[in-house]
Amino acid sequence: MRLYGVTGWKNSGKTGLMERLVSEITGRGFTVSTVKHAHHSFDVDQPGKDSHRHREAGAAQVLLASRNRVALMTELRGASEPPLEALLTQLAPCDLVLVEGYKRDRHPKIEAQRAATGQPLIAPGDPTIRAVASDAAPALDRPVFHLDDTAAIADFILREVGLVAQEAPAADAAPLAPPPLSNDCFALPAGVDWVPVEDALAHLRANLRPVVGIEQQPLEAAEGRILAQDLTARRANPPQANSAVDGYGFAGPLPAGVARLPLVEGRAAAGVPFAGAVPPGHALRILTGAALPEGVDSVALQEDVTTDGRQIALNGPLKRGANARRAGEDVAEGATVLRAGRPLTPADLALLAAVGHGTLPLRRRLRLGVLSTGDEIRPPGAAAGGGQIFDANRPMLLALARRWGVEAVDLGIAPDDRAALRARLDDAAGRADVLLTSGGASAGDEDHMSALLREAGAMQLWRIAVKPGRPLALGTWHGVPVFGLPGNPVAALVCALIFARPAVALLAGGDWPAPQSFEVPAGFAKRKKPGRRESLRARMREGRAEVFGSEGSGRISGLSWAEGLVELPDGAAEIAVGDPVRFLPFGSFGM
């Protein structure tokens, strides 16, 4: 979903700008929806109207419909205000969503300013504000438009979200000088900062939503699928009070001392209930799982009872309800049992079956396309000449996709030819819901993937402060999310686990999965420079995390050797043997 915000202080002109932008952009043939955040109590209804009366009577939601428009009003009644990403899921597909307010959210924004308000600009301290629309002329490090120049502002936003192509540089632009060299291979254009890992993840979490629809499937076929709607218990579990043991049932409690109770003729068994009632002071033979008949609320374990066939004898005391399960003590009828977004486990299927579900609303299985790029790449097992290497990434990523519970789509290998890659991406966008590509994601002569995404105006964060994984392109192609992974297999896997895995879960309709980590003693020593988060291939031995001997991104053997990652924080660090480090098993990434 393409999202752009208009923010600013009160009386800054943001609502007027929103109004003009909607008119301008829809006038160019695009569909626009809007979201408005209200800081104060507001009401779109009027006292005396039928809908207002429904709400006042206690309706949780009121859907007001006519031939001109439909409005859904939801009463929160003290519940937390839904986050923006939850609200966006209620919107129909459109070309662009303009958001007024929500200044603390991470989506890109333009700030409106009227100098007469005397308020300072928000922009200098907020990197999510990409431009300013002002009736003054503030000096800033980003574009500034006149507040009334709606057409220019619309042009800027449409380029930012990729609805129109970026402008070509002027022919007489000054030639670029090379950036200063640094002592590693991560030099950037002057003035450009790395994006911290957490900021990149927050950007993905805030801007992605499910891209697959909902279908009904039998419960038996639902293992591993993502639940599309909250489900409630159609029937209580257990549906009626029943015995937890084989024994004898009666009305409790029993006092201390010897108790003798005459037996009622017959018995109760699972699926074969006792048809009558048990009189007070009497007992009935009862088996595990049998429904408790009228007059029975307690069960004595058969090993604690002696009988001659006419009566039983046992020692008290025994409390009321002993060895008996109450109706609904596990799940009450109507209770919510599972929430939407959950990948269903075998245990979940048992629960849903027990509470009466046979058909389930599921997200359609997401199609994840995997494409390798590069003239030097050869299929596994094929003949390889000098300067050629086998494609290790594609089999790895396809297998990873299947582990994540999505449909893996093999898109083959594309050569280092921009036209051919463009055609391959056009085809892939019709066959997959998400694309994982490897190679060509940096800024070199043959890095065609990032070049095409930039050309389409759809590339987002790629200078992410992570090692391994410097060349990482995140963008869209014809509306299909693209994760341009590095070509080196180690970096490709690490970036797939850290960035693609949670994003794919959201796109598939699931919850955002945070990997589980453990603090363990280090079995290694290392000095780390500041500026990037580092993930080291690691495994646990004798209670300590040991790391692979080489950090090179081409050392594929280290991936097979490792059982997880040791994650080192963004800042400088000096790790000594025995120091606590964060270990993330591969299993916590769904691998």
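This one's a predicted model, so the numbers in the text were calculated from it and none came from an experiment.

Regarding the sheet that holds strand β17 (residues 311-318)
Reading across from one edge, β15-β12-β14-β13-β17-β16 is the order of the six strands in this open sheet, with mixed pairing throughout. Two strands in the sheet have a free side with no partner beyond their single neighbour: β15 (298-301) and β16 (306-307). Strand direction decides the pairing type here: strand β13 (residues 254-268) and strand β14 (residues 283-286), joined by three bridges, are parallel. Across the sheet, Arg267 pairs through a bridge with Arg285, a residue of β14.

Regarding the sheet that holds strand β6 (residues 109-113)
One key point about sheets: their strands pair by backbone hydrogen bonds, in either a parallel or an antiparallel sense. Pairing is parallel in the open sheet, where six strands are placed in the order β2-β5-β1-β6-β7-β8. Either end of the sheet is taken by a strand with one partner, and the two such strands are β2 (32-36) and β8 (144-146). Across this sheet, the average inter-strand angle for adjacent strands is 25°, counted without regard to direction. Here strand β7 (residues 129-134) pairs with β8 via three bridges, running parallel. Residue pairing in the sheet places Ser134 in a bridge with His146 of β8. On the sheet, helix α1 (residues 14-26) packs against β1 (3-7), β2, β5 (96-100), β6 and β7 and is oriented at approximately 170° with respect to β5.

So, the pairing of β1
Counting buried residues in β1 gives five out of five residues, a clear majority hidden from the surface. Of the two faces of β1, the one lined by Leu3, Gly5 and Thr7 and the one lined by Tyr4 and Val6 are each fully buried. The sheet contact formed by β1 and β5 spans four bridges and is parallel. Across the sheet, residue Val6 finds its bridge partner in β5, namely Glu100.

Section: the packing of aromatic side chains
Following the criterion strictly, the structure yields two aromatic pairs and no others. Pairing Phe145 with Phe156 gives two aromatic rings, centres 5.4 Å apart and planes at 55°, and the pair type is tilted. Of this pair, Phe145 sits in strand β8 while Phe156 sits in helix α4 (residues 150-161), placing them 11 residues apart in sequence. Take Phe156: its relative accessible area is 9%, and that puts it in the buried class. Between Phe548 and Trp561, the aromatic rings sit 5.4 Å apart at their centres with planes inclined by 50°, giving tilted as the arrangement. With Phe548 in the loop between β32 (544-547) and α11 (557-561) and Trp561 in helix α11, the pair connects residues that are 13 residues apart, well separated along the chain. Residue placement shows Arg285 over the ring face of Tyr248; its charged tip is 5.2 Å from the ring centre.

Description of a nonpolar patch on the surface
Residues Leu63, Val70 and Leu72 make up a contiguous nonpolar surface patch of about 310 Å² in total accessible area. By secondary structure assignment, the location of Leu72 is in strand β4 (residues 70-74).

Quick word on the packing of α1 against α4
A packed helix pair is summarised by two numbers, namely the angle formed by the two axes and the spacing between the axes. Viewed as axis vectors pointing N to C, α1 and α4 meet at an angle of 70°, and their least axial separation amounts to 10 Å. Here α4 runs roughly perpendicular to α1, going by the angle between their axes. Residues Leu17, Arg20, Leu21, Glu24 and Ile25 of α1 form the contact with α4, whose participating residues are Thr150, Ala151, Ile153, Ala154, Ile157 and Leu158. Its residues assigned to classes, the contact of α1 with α4 comprises eight nonpolar, one polar and two charged.

Some details on the confidence of the model for the chain
Put simply, the chain has an average pLDDT of 86, and 90% of its residues get 70 or more. Every residue in residues 168-192 is under pLDDT 50, and counting partners more than four places away or in other chains gives 14 contacts.

What counts, and where the lines are drawn
Residues numbered from 1 in each chain as written. Predicted model: local features only at pLDDT ≥ 70, side-chain atom pairs only at ≥ 80, totals over all residues. Heavy atoms only, no water. Pairing = 2+ DSSP bridges. Helix = DSSP H or I, 4+ residues; strand = E, 2+ residues; numbered from the N terminus. Axes fitted to C-alpha atoms, helices over the stretch in contact; angles between N-to-C directions. Contact = heavy atoms within 4.5 Å. Buried < 20%, exposed > 50% of the residue type's maximum accessible area, 1.4 Å probe, protein only. Phe/Tyr/Trp six-rings, centres within 6.5 Å; stacked < 30°, edge-to-face > 60°. Lys NZ or Arg CZ within 6 Å of the ring centre and 35° of its normal. Patch = residues over 30% accessible without salt bridge, like charges linked within 9 Å, V, L, I, M, F, W, Y side chains within 5 Å. Areas by Shrake-Rupley, 256 points an atom, 1.4 Å probe, with all protein chains shown as cover. Salt bridge = Lys/Arg side-chain N within 4 Å of Asp/Glu carboxyl O. Parallel < 35°, antiparallel > 145°, perpendicular 65-115°, else oblique. Nonpolar A, V, L, I, M, F, W, Y, C, P; charged D, E, K, R; others polar. pLDDT = per-residue confidence, 0-100.

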